[in-house]
Amino acid sequence: ADLILSDPQFLQLNDWDSQEFSQNLKRSLIDAQNHGLDASLFFLEVAESSHSEALLHLIEGSRRGLDLQRRVTNQRGNSCVLVLLPLTSAEGAQGYLFRLNTLINERFGMAQTLESLEVRVSAHDLGVGNGHDALRRFLYNECALNDQQVAI
């Protein structure tokens, strides 16, 4: 029900996709803190190259049913994908990276990985020990996003 009630902070975001992603991110953070439900957040920053658009489409195509994704351009000028994995532990999130690397092998060749294709991967566990401040540092400092792209 709380996803229906829009926080004024979310309504200040520029578009519906940002609002929806931010609402679900906050919901996952609250669920982790109050109920011990796991959730993981990945930030995949793709360096500009001849294959970057195909790589971004591959990442976006790797979405599972509950996952949420948001493509943004960070303050470093790179295209990025935020991937929220609700109800997924840090160990389960490693399965997501394995699956993504398998897709990259199939699409770009067996020797290719996220790292070799210059994709910077950052992960954040929304678990009980990681509150709002830790998430803010992750999003705004490590990922170089701003409060008009995602809010918590």
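Worth saying up front: this structure is predicted, and the values here are computed from it rather than measured.

Basis of the calculations
- Residues numbered from 1 in each chain as written.
- Predicted model: local features only at pLDDT ≥ 70, side-chain atom pairs only at ≥ 80, totals over all residues.
- Heavy atoms only, no water.
- Pairing = 2+ DSSP bridges.
- Helix = DSSP H or I, 4+ residues; strand = E, 2+ residues; numbered from the N terminus.
- Axes fitted to C-alpha atoms, helices over the stretch in contact; angles between N-to-C directions.
- Contact = heavy atoms within 4.5 Å.
- Buried < 20%, exposed > 50% of the residue type's maximum accessible area, 1.4 Å probe, protein only.
- Arc of directions from axis to C-beta.
- Salt bridge = Lys/Arg side-chain N within 4 Å of Asp/Glu carboxyl O.
- Parallel < 35°, antiparallel > 145°, perpendicular 65-115°, else oblique.
- Left-handed = near helix turned anticlockwise from the far one by under 90°.
- Nonpolar A, V, L, I, M, F, W, Y, C, P; charged D, E, K, R; others polar.
- Phe/Tyr/Trp six-rings, centres within 6.5 Å; stacked < 30°, edge-to-face > 60°.
- Lys NZ or Arg CZ within 6 Å of the ring centre and 35° of its normal.

1. Here's the deal with the sheet that holds strand E1 (residues 39–46)
In step 1: Reading across from one edge, E2-E3-E1-E4 is the order of the four strands in this open sheet, with antiparallel pairing throughout. Looking at which strands have only one partner, the edges of the open sheet turn out to be strand E2 (68–73) and strand E4 (119–125). Neighbouring strand axes in the sheet, compared pairwise and without regard to direction, differ in orientation by 15° on average.
In step 2: Against the sheet, helix H4 (residues 90–108) touches E1, E2, strand E3 (79–86) and E4, its axis set at about 35° to E1.

2. Focus on helix H3 (residues 52–61)
In step 1: Every buried residue belonging to H3 is among Ser52, Leu55, Leu56, Leu58 and Ile59, and all of these are buried. Looking down the long axis of H3, one finds its buried residues gathered within 160° of arc, a one-sided arrangement.

3. Re the pairing of E3
In step 1: Across the eight residues that make up E3, a large majority, seven, are buried.
In step 2: Summarising the sheet, E1 and E3 pair through eight bridges and their orientation is antiparallel. Bridging from a neighbouring strand, Ser40 pairs with Leu85 of E3.
In step 3: Pairing analysis gives six bridges linking E2 to E3, with the strands arranged antiparallel. When the bridges of E3 are listed, Val72 appears paired with Cys80.
In step 4: Connecting E2 to the antiparallel partner E3 that follows it, the hairpin turn spans five residues, and Gly77 within it adopts a positive phi of roughly 85°.

4. Some details on the pattern of salt bridges
In step 1: Counting across every chain of the model gives six salt bridges.
In step 2: Here Arg27 makes a salt bridge to Asp31, at a shortest N to O gap of 2.8 Å. Here Asp31 and Arg27 lie together in helix H2 (residues 16–35), a separation of four residues that amounts to about one turn. Of the two residues, Arg27 and Asp31, both sit in the buried class.
In step 3: For Glu60, the salt bridge identified is with Arg71, shortest N-O distance 3.0 Å. Remark: Arg71 occurs in strand E2 and Glu60 occurs in helix H3; sequence separation between them is eleven residues.
In step 4: We classify Arg71 as partly exposed; its relative accessible area is 28%.
In step 5: Several salt bridges converge on common partners, so that one network encompasses Glu45, Arg76 and Arg120.

5. Quick word on the packing of H2 against helix H5 (residues 132–142)
In step 1: One can describe the packing of H2 onto H5 by two numbers: an axis separation of 11 Å at closest approach and a directional angle of 140°. As far as their axial angle goes, H5 and H2 are oblique. Classified by chirality, the crossing of H5 by H2 is right-handed. Contact with H2, carried on its side by Leu25, Leu29 and Gln33, involves His132, Leu135 and Leu139 of H5 and no other residues of that element.
In step 2: Looking at side-chain class alone, the contact of H2 with H5 contains four nonpolar, two polar and no charged residues.

6. With respect to the packing of aromatic side chains
In step 1: Scanning all chains against the criterion turns up one aromatic pair.
In step 2: Above the plane of the ring of Phe108 lies Arg107, whose end atom (NZ or CZ) is 4.9 Å from the centre.

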